[in-house]
2 protein chains.
Amino acid sequence: NETAKAELGRASWKLLHTTLSRFPKKPAKDEREALSSFLYLFARLYPCGECATHFQALLQRYPPQTSSRDAAAQWGCFVHNLVNERLHKPAFDCGAVTEMYKCGC
Amino acid sequence: NETAKAELGRASWKLLHTTLSRFPKKPAKDEREALSSFLYLFARLYPCGECATHFQALLQRYPPQTSSRDAAAQWGCFVHNLVNERLHKPAFDCGAVTEMYKCGC
Ligand SMILES: Cc1cc2nc3c(=O)[nH]c(=O)nc-3n(C[C@H](O)[C@H](O)[C@H](O)COP(=O)(O)OP(=O)(O)OC[C@H]3O[C@@H](n4cnc5c(N)ncnc54)[C@H](O)[C@@H]3O)c2cc1C
Ligand SMILES: Cc1cc2nc3c(=O)[nH]c(=O)nc-3n(C[C@H](O)[C@H](O)[C@H](O)COP(=O)(O)OP(=O)(O)OC[C@H]3O[C@@H](n4cnc5c(N)ncnc54)[C@H](O)[C@@H]3O)c2cc1C
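Only a predicted model underlies this, so the values are computations on that prediction, with no experimental measurement involved.

1. Points about the nonpolar core
Among the nonpolar cores identified, the biggest contains 52 residues, and Phe38 and Phe55 of chain A together with Phe38 and Phe55 of chain B are the most heavily contacted of them. Every element with two or more residues in this core is listed here: helix 1 (2–21), helix 2 (29–45), helix 3 (49–61) and helix 4 (69–86) of chain A together with helix 1 (2–21), helix 2 (29–45), helix 3 (49–61) and helix 4 (69–86) of chain B. Dropping the residues within four chain positions of it, Phe38 of chain B is found in contact with Phe38, Leu41, Phe42 and Leu45 of chain A together with Leu16 of chain B.

2. Details of the interface of chain A and chain B
In this assembly, 31 residues from chain A lie in contact with 31 residues from chain B. Between chain A and chain B the total buried area reaches about 2500 Å² when both faces are included, carbon and sulfur atoms providing 75% of it. On the chain A side of the contact with chain B, Leu15, Leu45 and Pro47 of chain A bury the most area, a combined 23% of that side's loss. The interface formed by chain A and chain B holds four salt bridges in total. With a shortest N-O distance of 3.3 Å, Lys14 of chain B and Glu7 of chain A are connected by a salt bridge. Summed over the shared surface of chain A and chain B, the result is six residue pairs in polar contact (both at pLDDT 80 or more). Within the residue set of the side of chain A that touches chain B, elements represented by two or more residues are helix 1 and helix 2 of chain A.

3. Quick notes on unusual backbone geometry
Phi at His88 of chain A is positive, roughly 60 degrees, even though this residue is not glycine. Turning to its location among the elements, His88 of chain A is positioned in the loop between helix 4 and helix 5 (97–100).

4. Structural notes on the side chain of Ser21 of chain A
Among the structural elements, Ser21 of chain A can be located in helix 1. Among the residues examined, Ser21 of chain A registers a relative accessible area of 4% and is labelled buried.

5. So, the relation of the copies chain A and chain B
At an RMSD of 0.0 Å, chain A and chain B line up after a rotation of 180 degrees and a shift of 0.0 Å along the axis. Each copy turns onto its partner about a two-fold axis. Minimal C-alpha separation from the rotation axis in chain A is found for Ala11 of chain A, amounting to 2.2 Å. Looking at the interface residues of chain A, 100% of them are also at the interface in chain B, so both copies use one shared face.

6. Here's the deal with the site of ligand 2
Residues and elements named next belong to chain B. Not every one of the 24 residues close to ligand 2 is listed here, only the nearest: Arg10, Cys77, His80, Arg86 and Tyr101. With respect to ligand 2, the side chain of Glu50 contributes an N or O atom lying 3.4 Å from a nitrogen atom. A distance of 3.0 Å separates a nitrogen atom of ligand 2 from a polar atom in the side chain of Asn84. For ligand 2, the accessible surface in isolation is 950 Å², of which the surrounding protein chains cover 83%. Taken together, the elements giving at least two residues each to the shell around ligand 2 come down to helix 1, helix 3, helix 4 and helix 5 (97–100). Ranked by residues supplied to the shell around ligand 2, first place goes to helix 1 with seven residues. Of the residues that constitute the shell around ligand 2, the class distribution is 13 nonpolar, six polar and five charged.

Thresholds, definitions, all that
Residues numbered from 1 in each chain as written. Chains lettered and ligands numbered in written order. Predicted model: local features only at pLDDT ≥ 70, side-chain atom pairs only at ≥ 80, totals over all residues. Heavy atoms only, no water. Core = buried A, V, L, I, M, F, W, Y, C linked by side-chain atoms within 4.5 Å. Buried < 20%, exposed > 50% of the residue type's maximum accessible area, 1.4 Å probe, protein only. Helix = DSSP H or I, 4+ residues; strand = E, 2+ residues; numbered from the N terminus. Contact = heavy atoms within 4.5 Å. Buried area = accessible area lost by both parts, 1.4 Å probe. Salt bridge = Lys/Arg side-chain N within 4 Å of Asp/Glu carboxyl O. Polar contact = N/O pair within 3.5 Å; in protein donor to acceptor, adjacent residues only side chain to side chain. Least-squares fit on C-alpha atoms with pLDDT ≥ 70 in both. Near = heavy atom within 4 Å. Areas by Shrake-Rupley, 256 points an atom, 1.4 Å probe, with all protein chains shown as cover. Nonpolar A, V, L, I, M, F, W, Y, C, P; charged D, E, K, R; others polar.

Pasting the structure below:
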């Protein structure tokens, strides 16, 4: 069922990018560790097995950038673009990514 | 911005319930720990601060149930219903929750 897989993907990217765009601008060590652990656990538990396997390999090659909000948001945009490329989707312009994902809070 | 907050909520619940509905039926100890850690980190990093604070308190009172897929999915439905109650939304029938959240994989 490709529709369910795509809907789950869209929902998950929304949560991921919004989380990264709200990450502290100057994170403390424990905040950096929390984000990094969250992303590895997300990749491990992600319900689409094929997606999870591929994303785990991406994390190995491109570990999460957690030094600042901008670094984290740009890293998220970059890895999403690698998934886009694999799925023959157009690349996304990462310039405005931090401003784009609002949480309304 | 209430629309952004609601959209983020819908996306996040979709990921959470789908993850719980695909959790192993007989999880190993490390899988149980992974799910539990993921949920606490999710609650910590969730971009809506008011939501995160409230959800962290819920996790304290009702720790994640990780002994099986069904236990996890029912726990997820239960805590979402507590959030629904707080927001004056109708309670959701948890009977069919495991079947409802398909990942298409
Ligand atoms: C971790 C992960 C791994 C996945 N792996 C696979 C897989 O292996 N196979 C598979 O079939 N599907 C996979 N998916 C699903 C896939 O990435 C899409 O979510 C799905 O195909 C729906 O695509 P979409 O075109 O609606 O846009 P999505 O890729 O879901 O993107 C949603 C929206 O985000 C914005 N966006 C697009 N690119 C970026 C970017 N680089 N940075 C920030 N915002 C952006 C756009 O506004 C877009 O409409 C994966 C999803 C996730 C979360
Ligand atoms: C952890 C968390 C905490 C939140 N805290 C707040 C808060 O404090 N204040 C605030 O304003 N908003 C909060 N939100 C957002 C809020 O819960 C809703 O997501 C948002 O208001 C949109 O609501 P909705 O009516 O579209 O349905 P949602 O509650 O988003 O539910 C989406 C869909 O899930 C299904 N569903 C409903 N209940 C259940 C259930 N119990 N089990 C399984 N599936 C169900 C239904 O099909 C529903 O349409 C929070 C979100 C999350 C993820």
